[in-house]
Amino acid sequence: MRYDVVVVGAGPAGSLAAKYSAMNGAKTLLIEEHVEIGYPVSCAGLISAKALEECDIGLGKWIKNEIAGALVCSPDGQEIQIKGQEVKAYVIERKIFDRELAKHALKAGTDLLLHSKAIGLRKEENILEVNNQGEHFEISAKIIIGADGVKSNISKWSELGKVKKVLPGVQILGLYDLQDLSFVEIFTGSSAPGFFAWAIPIEKDIARIGLCTARPLQHLKSMLKYHKVVSKRYLGSHLDFTMGAIPLGPLKRTVSKGIMIVGDAAGQVKPSSGGGIYTGALCAKIAGEVAAKAIKEGDVSAERLMEYENRWRSAIGRELNIGMRINEIFSRLSDSDINELIRMINDPEILRIISQYGDMDYPSAVVKKLILKKPSLLRSFGMLAKAIR
Ligand SMILES: Cc1cc2nc3c(=O)[nH]c(=O)nc-3n(C[C@H](O)[C@H](O)[C@H](O)COP(=O)(O)OP(=O)(O)OC[C@H]3O[C@@H](n4cnc5c(N)ncnc54)[C@H](O)[C@@H]3O)c2cc1C
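Residues numbered from 1 in each chain as written. Predicted model: local features only at pLDDT ≥ 70, side-chain atom pairs only at ≥ 80, totals over all residues. Heavy atoms only, no water.

Comments concerning helix 7 (residues 277-297)
Side chains that are three or four residues apart share a direction in an α-helix, a result of its 3.6 residues per turn. Compared with the 30 Å implied by 1.5 Å per residue over 21 residues, the 30 Å span of helix 7 between its first and last C-alpha is a close match. In terms of burial, helix 7 is a largely internal element, 17 of the 21 residues being buried. (Helix = DSSP H or I, 4+ residues; strand = E, 2+ residues; numbered from the N terminus. Expected span 1.5 Å × (residues − 1). Buried < 20%, exposed > 50% of the residue type's maximum accessible area, 1.4 Å probe, protein only.)

Next comes the structure, spelled out in structure tokens:
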């Protein structure tokens, strides 16, 4: 088999890269190791309205719920409400969402092979070795786009290095006494050290409850049983359980000759929230477009493909770096530091600024605004100011 562009992995980043490659004239193949697209799912499915726009599929049956704000809970049980005037985010059903993205890639002219796992890469010739239910075959590609998720083999085989940190996560779909169907609940502090826990409302009495941290299962069990707030709201049963991992801190380099890496595989994830759909979609579209242009020009050298790296870094590179520093600072805060921070944030003027300027895809903007308008926050948490410089 011979293709101009082969995309490995039919998650959101892979389908969008394939769509933009095919749309721009390259003969494109998308391969996926699983027998179906969008399953198994390891995602809370919370995306901003902007992220949905970036995915170019509009509103549809993949939307499970609309979110207008967040309840942020401190370790000592204080709750602050951050509310916008309009829908800020959507809760999506990943299985349906991922299939819709793949459908758009196919409609743009991409070929798709399911149940086909990339098991090796012969770098000199850019040949992928693939296993389809025990049958081995080879695919020759001028460009291979590795969209193969957090455990990416394509980045490993092409010696593009590793992401800075991988944070494991678990989640259940549980019966839960929701306070408000349009509010996500965020739990900070030692229930999920170094990150946070969440309850994402799906429908009346049902939420995705999860967290990302080291030893996540142990922390989730403990949170469901003992957390001041969650233990009262969790109604003791769950319908589903998933596990996964979030890559934090992008690869140092995302291209080499005939190779591009996108999405989780490249660590294109917001380190402050773990969200990777918006960032992955934005980068995948650039990757697909640059791949097709490079094919047209007959130049797949690393230098030519650097257009992808330069464009994605100028769009979100700085935000990811700031997010990484914010994540590192928050990881070092004790429960009492976080209690104090939330007490300070629980001020009508501060909450107004957060509601007005908060952007889940670009959190550094609101941190900057807060520090400018409320220097008292800066005095107490000066290290946050250093993070956004
Ligand atoms: C617990 C948890 C909660 C999350 N919640 C959110 C959230 O609320 N919002 C958000 O924006 N993000 C969230 N994320 C992150 C989000 O799920 C990822 O950023 C997103 O799925 C990345 O998309 P992707 O296409 O890069 O990779 P993936 O979605 O991981 O897709 C990679 C695909 O590659 C395939 N593949 C892998 N290896 C091979 C191979 N060798 N051959 C063929 N196919 C292969 C896999 O089967 C998979 O289909 C969460 C992650 C976790 C773990």
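Topic: the sheet that holds strand 5 (residues 69-73)
A sheet is described by the order of its strands in space; here seven strands give the open sequence 6-5-13-14-15-12-16, paired in mixed fashion. Because the sheet does not close on itself, it has two edges, and the strands there are strand 6 (79-83) and strand 16 (234-248). Adjacent strand axes in the sheet meet at a mean angle of 20°, parallel and antiparallel pairs treated alike. Bridge count between strand 5 and strand 13 (residues 183-187): five bridges; the pairing is parallel. Residue pairing across strands places Leu71 opposite Glu185, the latter belonging to strand 13. (Pairing = 2+ DSSP bridges. Axes fitted to C-alpha atoms, helices over the stretch in contact; angles between N-to-C directions.)

Let's talk about the packing of helix 10 (residues 348-357) against helix 11 (residues 364-373)
Contact geometry for helix 10 and helix 11: axes closest at 9 Å, N-to-C directions at 150°. Here helix 11 runs roughly antiparallel to helix 10, going by the angle between their axes. Judged by the sense of rotation from one axis to the other, the crossing of helix 10 with helix 11 is right-handed. Here helix 10 contributes Ile350, Ile353, Ile354 and Tyr357 to the contact with helix 11, which in turn contributes Val366, Lys369, Leu370 and Lys373. Of the residues assigned to the contact of helix 10 with helix 11, the class counts are six nonpolar, no polar and two charged. (Parallel < 35°, antiparallel > 145°, perpendicular 65-115°, else oblique. Left-handed = near helix turned anticlockwise from the far one by under 90°. Contact = heavy atoms within 4.5 Å. Nonpolar A, V, L, I, M, F, W, Y, C, P; charged D, E, K, R; others polar.)

A word on the nonpolar core
In terms of nonpolar packing, the biggest core is built from 48 residues, with Val5, Cys55, Phe97, Ile143, Ile145, Met260 and Tyr308 touching the most fellow members. Mapped by element, the contributors of at least two residues to this core are strand 1 (2-8), helix 1 (12-23), helix 2 (49-54), strand 7 (89-92), helix 3 (94-107), strand 11 (135-146), helix 7 and helix 8 (302-332). A total of 13 residues in this core trace back to one element, the largest contributor, which is helix 7. Apart from the residues within four sequence positions on either side, Tyr308 is in contact with Thr254, Val255, Met260, Ile261, Val262, Gln268, Cys283, Ile286, Ala287 and Val290. Of all hydrophobic cores here, the second largest spans 21 residues; its members include Tyr3, Ile139, Leu160 and Ala265. (Core = buried A, V, L, I, M, F, W, Y, C linked by side-chain atoms within 4.5 Å.)

Concerning the site of the ligand
In the region of the ligand, 32 residues are neighbours, and Glu32, His34, Ala44, Leu46 and Asp264 sit closest. Taking Ala44, its main chain carries an N or O atom lying 2.9 Å from a nitrogen atom of the ligand. Take Ala118: an N or O atom from its main chain is 3.0 Å from a nitrogen atom of the ligand. Look at the ligand: alone it shows 1000 Å² of surface, and the protein chains cover 88% of it. Per-class residue counts for the shell around the ligand are 14 nonpolar, 12 polar and six charged. (Near = heavy atom within 4 Å. Polar contact = N/O pair within 3.5 Å; in protein donor to acceptor, adjacent residues only side chain to side chain. Areas by Shrake-Rupley, 256 points an atom, 1.4 Å probe, with all protein chains shown as cover.)

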